[in-house]
Amino acid sequence: VASSAPESPAADAAEIPAADDWRMQMNGARRRQLRALAGRLQTDNQLTTINVMGVEFTAAFLATIDRALNDHELIKLRLRDVGSKKEVKVIAEDIATGRGAHVAQVVGHTCLLYRPRPSTMGPPRVVFSEESGRATMQGPMNANEENELAAVDAVMGAAAFGDGDGE
């Protein structure tokens, strides 16, 4: 992975959802709910995971991240070729900032990104419940989404789903 910063956030400003009240509502409790949801989705092999091995931050790579965030809202990136775990946090923040997303968690070489889908693409998939204190994913992954993720897998040259190594 090249250590250069992703393209400027202004480059794709039309594709990034407006920074509305979801950013104001993002706090420790919401991040905890996202981490718990990611754990449940991982267990069911439904967490969208993109392994990044030797990929530079090109426009095509960033468009792939945007597409995954638009479709799934919550994704996991594995930055395998990054030298240190400290660099992973910096790169994750750069990617998230450039995509209008939020880093919910960084563990080792893995980061969890969240961005609600734009209202023009339909209702949000991740729904936060204040009563239960739990986030849920609305609408299971359909065959089109699975096929699209397989295409991402082919482009990225890495397994995109459930390789079972628990990272």
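The present account deals with the structure reproduced in this document.

The rules behind each value
- Residues numbered from 1 in each chain as written.
- Predicted model: local features only at pLDDT ≥ 70, side-chain atom pairs only at ≥ 80, totals over all residues.
- Heavy atoms only, no water.
- Salt bridge = Lys/Arg side-chain N within 4 Å of Asp/Glu carboxyl O.
- Helix = DSSP H or I, 4+ residues; strand = E, 2+ residues; numbered from the N terminus.
- Buried < 20%, exposed > 50% of the residue type's maximum accessible area, 1.4 Å probe, protein only.
- Core = buried A, V, L, I, M, F, W, Y, C linked by side-chain atoms within 4.5 Å.
- Pairing = 2+ DSSP bridges.
- Axes fitted to C-alpha atoms, helices over the stretch in contact; angles between N-to-C directions.
- Expected span 1.5 Å × (residues − 1).

Further remarks concern the pattern of salt bridges. The final tally for this structure, using the stated rule, is 4 salt bridges. Between R30 and E130 there is a salt bridge, and its shortest N-O distance comes to 2.6 Å. With R30 in helix α2 (residues 28–43) and E130 in the loop between β5 (126–129) and β6 (134–137), this pair connects stretches of sequence that are 100 residues apart. With a relative accessible area of 60%, E130 lands in the exposed category. For R99, the salt bridge identified is with D66, shortest N-O distance 2.7 Å. Of this pair, R99 sits in helix α4 (residues 85–99) while D66 sits in helix α3 (residues 59–72), and the two are 33 residues apart along the sequence. The class of R99 is buried, set by a relative accessible area of 0%. Because the salt bridges share partners, they merge into one network encompassing D66, R99 and R115.

The next subject is the nonpolar core. Residues F61, I65, I75, L77, L79, I95 and L113 are the most contacted members of the largest nonpolar core, which totals 21 residues. Ranked by size, the runner-up nonpolar core spans 13 residues in total, among them L37, A38, L47 and F128.

Glancing now at the sheet that holds strand β4 (residues 110–114). Taken in spatial order, the 4 strands of this open sheet run β1-β2-β4-β3, and their pairing is mixed. With partners counted over all chains shown, the strands left at the sheet margins are β1 (48–52) and β3 (102–107), one partner each. In this sheet, neighbouring strand axes are inclined to one another by 20 degrees on average, regardless of whether the strands run parallel or antiparallel.

Turning to the pairing of β5, a few remarks are in order. Residues V126 and F128 of β5 are buried on one face, while the alternating residues V127 and S129, pointing to the opposite face, are not. Both β5 and β6 contribute to a ladder of 4 bridges, which runs antiparallel. Following the sheet pairing, V126 is matched in β6 by M137. Connecting the antiparallel pair β5 and β6 is a turn made up of 4 residues, with G133 showing a positive phi of about 70 degrees.

Glancing now at α3. Along its 14 residues, α3 runs 20 Å from first to last C-alpha, staying within 8% of the 20 Å computed at 1.5 Å per residue. Counting buried residues in α3 gives 10 out of 14 residues, a clear majority hidden from the surface. The complete set of buried residues in α3 reads F61, L62, T64, I65, D66, A68, L69, N70, D71 and H72. Note on α3: the residue one or two positions beyond its end, E73, has a positive phi of about 70 degrees.

Coordinates in, geometry out; function isn't part of it.
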